[in-house]
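# Analysis of the macromolecular model
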Amino acid sequence: MLDDKEWACESTLLSWYGTWYVQSEIGVRKGELMAKKDTYEARAEEILQPIVEANGCEIYDVEYVKEGSDWYLRAYIDKPDGVNIIDCENVSRAFSDKLDEADFIQDAYILEVSSPGLGRALKKDRHLEKSLGEEVEVRTYKPIDKQKEFTGILKGYDKDTITIETEEKEIVFAKSDIAIVRLTLDF
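Residues numbered from 1 in each chain as written. Predicted model: local features only at pLDDT ≥ 70, side-chain atom pairs only at ≥ 80, totals over all residues. Heavy atoms only, no water.

## Considerations on the overall build of the chain
Which entries qualify depends on this criterion: Under the DSSP-based scheme used, a helix requires at least four consecutive residues in state H or I and a strand at least two consecutive residues in state E, with every element numbered from the N terminus. Three exposure classes are used, based on accessible area relative to the maximum for each residue type with a 1.4 Å probe and protein chains only: buried under 20%, partly exposed in between, and exposed over 50%. Every residue pair with non-hydrogen atoms within 4.5 Å of one another is taken to be in contact. Using a 1.4 Å probe, accessible areas were evaluated by the Shrake-Rupley method; residue-level cover was limited to the displayed protein chains.
Regarding its fold elements, the chain presents four helices and nine strands. Ordered by position from the N terminus, the helices and strands of the chain form the series α-β-α-β-β-α-β-α-β-β-β-β-β. Here the chain holds 187 residues, and the buried ones make up 39% of them. For the chain, long-range pairs separated by at least 24 residues make up 56% of all intrachain contacts whose partners lie at least 6 apart in sequence. For the chain, the exposed surface amounts to about 11,600 Å²; the carbon and sulfur share of it is 50%.

## Re the pattern of salt bridges
So the rule is basically this: Within this document, salt bridges are pairs made up of a side-chain nitrogen of Lys or Arg and a carboxyl oxygen of Asp or Glu, the two lying within 4 Å of each other.
What the rule picks out here adds up to 21 salt bridges. Asp61 serves as the salt-bridge partner of Lys124, at 3.0 Å between the closest nitrogen and oxygen. Of this pair, Lys124 sits in the loop between strand E4 (109–114) and helix H4 (125–130) while Asp61 sits in strand E2 (residues 58–67), and the two are 63 residues apart along the sequence. For Asp61, a relative accessible area of 4% puts it in the buried group.

## Focus on the nonpolar core
Basically, it comes down to this: To form a nonpolar core, buried Ala, Val, Leu, Ile, Met, Phe, Trp, Tyr and Cys residues must be joined to one another through side-chain atoms within 4.5 Å.
Leu48, Leu73, Ile77, Phe95, Leu99, Tyr109 and Val113 are the most contacted members of the largest nonpolar core, which has 24 residues in total. Ranked by the residues each element gives to this core, the list is headed by helix H2 (residues 33–54), at six residues. Ranked by size, the runner-up nonpolar core spans 15 residues in total, among them Leu128, Val138, Phe173 and Ile178.

## Focus: the sheet that holds strand E6 (residues 147–157)
Definition in use: The rule for pairing is simple: two strands pair if DSSP sees at least two bridges between them. Helix axes are fitted to C-alpha atoms over the stretch in contact, other axes to C-alpha atoms as well, and angles between N-to-C directions run from 0 to 180 degrees.
An order of E8-E7-E6-E5-E9 is seen for the five strands of this open sheet, with the pairing classed as antiparallel. Two strands in the sheet have a free side with no partner beyond their single neighbour: strand E8 (170–174) and strand E9 (178–183). Neighbour-to-neighbour, the strand axes of this sheet turn through a mean angle of 40°, independent of strand direction. Pairing of strand E5 (residues 135–144) with E6, which is carried by six bridges, proceeds in the antiparallel orientation. Its bridge partner lying in E6, Val138 is registered against Phe150.

## Looking at the confidence of the model for the chain
Our working rule: Per-residue confidence from the predictor is given as pLDDT, running between 0 and 100.
Confidence in the prediction for the chain averages 83 pLDDT; 81% of positions are at 70 or higher. Within the model, pLDDT remains below 50 along residues 1–31, and this stretch shows 41 contacts once partners closer than five positions in the same chain are excluded.

## Description of the packing of aromatic side chains
What counts, and what does not: The criterion for an aromatic pair is that two Phe, Tyr or Trp rings (for Trp, the six-membered ring) have centres within 6.5 Å, with stacked assigned to planes under 30 degrees apart, edge-to-face to planes over 60 apart and tilted to the rest. Remark: a charge is flagged as sitting over a ring if the NZ atom of Lys or the CZ atom of Arg is within 6 Å of the ring centre and within 35 degrees of the ring normal.
By the definition in use, this model includes four aromatic pairs. Taking 5.0 Å as the distance between ring centres and 85° as the angle between the ring planes, the aromatic pair formed by Tyr40 and Tyr64 counts as edge-to-face. With Tyr40 in helix H2 and Tyr64 in strand E2, this residue pair connects regions lying 24 residues apart in the sequence. Of the two residues, Tyr40 and Tyr64, both sit in the buried class. Clustering of aromatic rings is evident, with ring pairs tying together Tyr40, Tyr64, Trp71 and Phe104. Here the basic side chain of Lys36 rests over the ring of Trp71, its NZ or CZ set 3.9 Å away from the ring centre. One residue, Arg74, lies across the ring of Tyr72, its end atom 4.4 Å from the ring centre.

Structure below.
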C-alpha cells in the first residue's frame, strides 16, 4: 500500500496515462479464457456504470484482453463534448477503488480508463446506431473483390450485416466477415 505522499506522486503519473496497476497471485486455465473475459467485462461494466454517470459520462466500451504477458482491463468513456484527462482520472480513481472492493478479477492486470479516440472502433449496435450517416472504414478478414479495406458512409446494420455506401456502390458486409469497423479520420 502506498502512503499519501507516494499515492499523490503515483496517481499524478498514472492519471496522465490513465493506467492503474493491480496485482493478484491466482492464474487462470486456458479453457476458462472466454467465459472469464465475458464475465469480467460484464461485472466491470456493472461497477463502472454508476461511476461514469456520477461524472457526467457514459460507458463506450469495456474490454478485458491479454497483450503479451499482461492482462488489461480497459474502460472507454465518453460524453457529448468529449472526455478530458480530469474525467479519465476521476473515473479511474473511483473505478479502481470499487474494483479493489469487489476483488473479482483473479489475474494481475493493468487498468486503463480513456476516451475511445477519434478513430473509434464500432463494436456494438449502440456504436453503429450513433454513427449512422458517418464515414467509416471497414476491414475484412478476407479480400472481397480483391480488397480488404473499404471506406464509405454507414447506411445501416442489422444483427448479421453492415451496409456502407462508397463512391461507386452500396456494399453489404456480413458481420462475420468484418475484422473491424471504425470511424474515419479526416485531417
